[in-house]
Amino acid sequence: MKKKKIVMLLLTGFFVGLMSHEAILQLRWRNATVGGEIFFIPMVILLVWFGWVLRDEWRKINLRRRKSDNSRK
């Protein structure tokens, strides 16, 4: 895996955790009124991107495993 992807995965995980923490803090102090969180859409986009990158890496690992005829798990 390239260094750029590793850094992007780490940053994505960090920022998703940070946004989740902030959303939970906002919900704790909020009364019964309904309001949208500004970071919800970017967090969903980051989660979709993170899942897409993980799927690509999983495919690469399985392809290498099949090519080398190594079936150990």
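Refer to the structure printed above.
Rules behind the numbers
- Residues numbered from 1 in each chain as written.
- Predicted model: local features only at pLDDT ≥ 70, side-chain atom pairs only at ≥ 80, totals over all residues.
- Heavy atoms only, no water.
- Helix = DSSP H or I, 4+ residues; strand = E, 2+ residues; numbered from the N terminus.
- Buried < 20%, exposed > 50% of the residue type's maximum accessible area, 1.4 Å probe, protein only.
- Areas by Shrake-Rupley, 256 points an atom, 1.4 Å probe, with all protein chains shown as cover.
- Phe/Tyr/Trp six-rings, centres within 6.5 Å; stacked < 30°, edge-to-face > 60°.
- Contact = heavy atoms within 4.5 Å.
- Axes fitted to C-alpha atoms, helices over the stretch in contact; angles between N-to-C directions.
- Left-handed = near helix turned anticlockwise from the far one by under 90°.
- Nonpolar A, V, L, I, M, F, W, Y, C, P; charged D, E, K, R; others polar.
- Patch = residues over 30% accessible without salt bridge, like charges linked within 9 Å, V, L, I, M, F, W, Y side chains within 5 Å.
- Salt bridge = Lys/Arg side-chain N within 4 Å of Asp/Glu carboxyl O.

Engineer: How would you explain the overall build of the protein chain if you had to name every residue and give the values?
Structural biologist: Helix and strand counts for the protein chain come out as 2 helices and 0 strands. Of all 73 residues assigned to the protein chain, the portion counted as buried reaches 11%. Only carbon and sulfur atoms are counted for the fraction: they give 68% of the accessible area of the protein chain, which is about 6,700 Å².

Engineer: Requested: an account of the packing of aromatic side chains, with residues and values cited.
Structural biologist: Counted according to the given criterion, the structure contains 1 aromatic pair. Aromatic side chains Phe-14 and Phe-15 sit 5.2 Å apart centroid to centroid with 70° between the ring planes, which places their arrangement in the edge-to-face category. Exposure remark for Phe-15: the relative accessible area of 37% places this residue in the partly exposed category.

Engineer: Give a description of the side chain of Thr-12 that names residues and reports values.
Structural biologist: The residue Thr-12 is located in helix α1 (residues 3-29) in this model. Residues contacting Thr-12, with those up to four places away along its chain left out, are Leu-46, Trp-49 and Phe-50.

Engineer: Go over the packing of α1 against helix α2 (residues 40-67), please, and point to the residues and values.
Structural biologist: At a closest axis distance of 10 Å, the pairing of α1 and α2 adopts a crossing angle of 145°. Considering how the two elements wind past one another, α1 and α2 form a crossing that is left-handed. Contacts between α1 and α2 involve Lys-5, Met-8, Leu-9, Thr-12, Val-16, Met-19 and Ser-20 on the former and, on the latter, Met-43, Leu-46, Leu-47, Trp-49, Phe-50, Val-53, Glu-57 and Lys-60. A class-by-class count of the residues in the contact of α1 with α2 yields 10 nonpolar, 2 polar and 3 charged.

Engineer: Provide a residue-level description of a nonpolar patch on the surface, including the pertinent values.
Structural biologist: A contiguous nonpolar surface patch, about 630 Å² in accessible area, is contributed by Val-7, Met-8, Leu-11, Phe-14, Phe-15, Leu-18 and Trp-49. Among the elements that take part in the nonpolar patch, α1 stands out by supplying 6 residues, more than any other. Secondary-structure assignment places Val-7 in helix α1.

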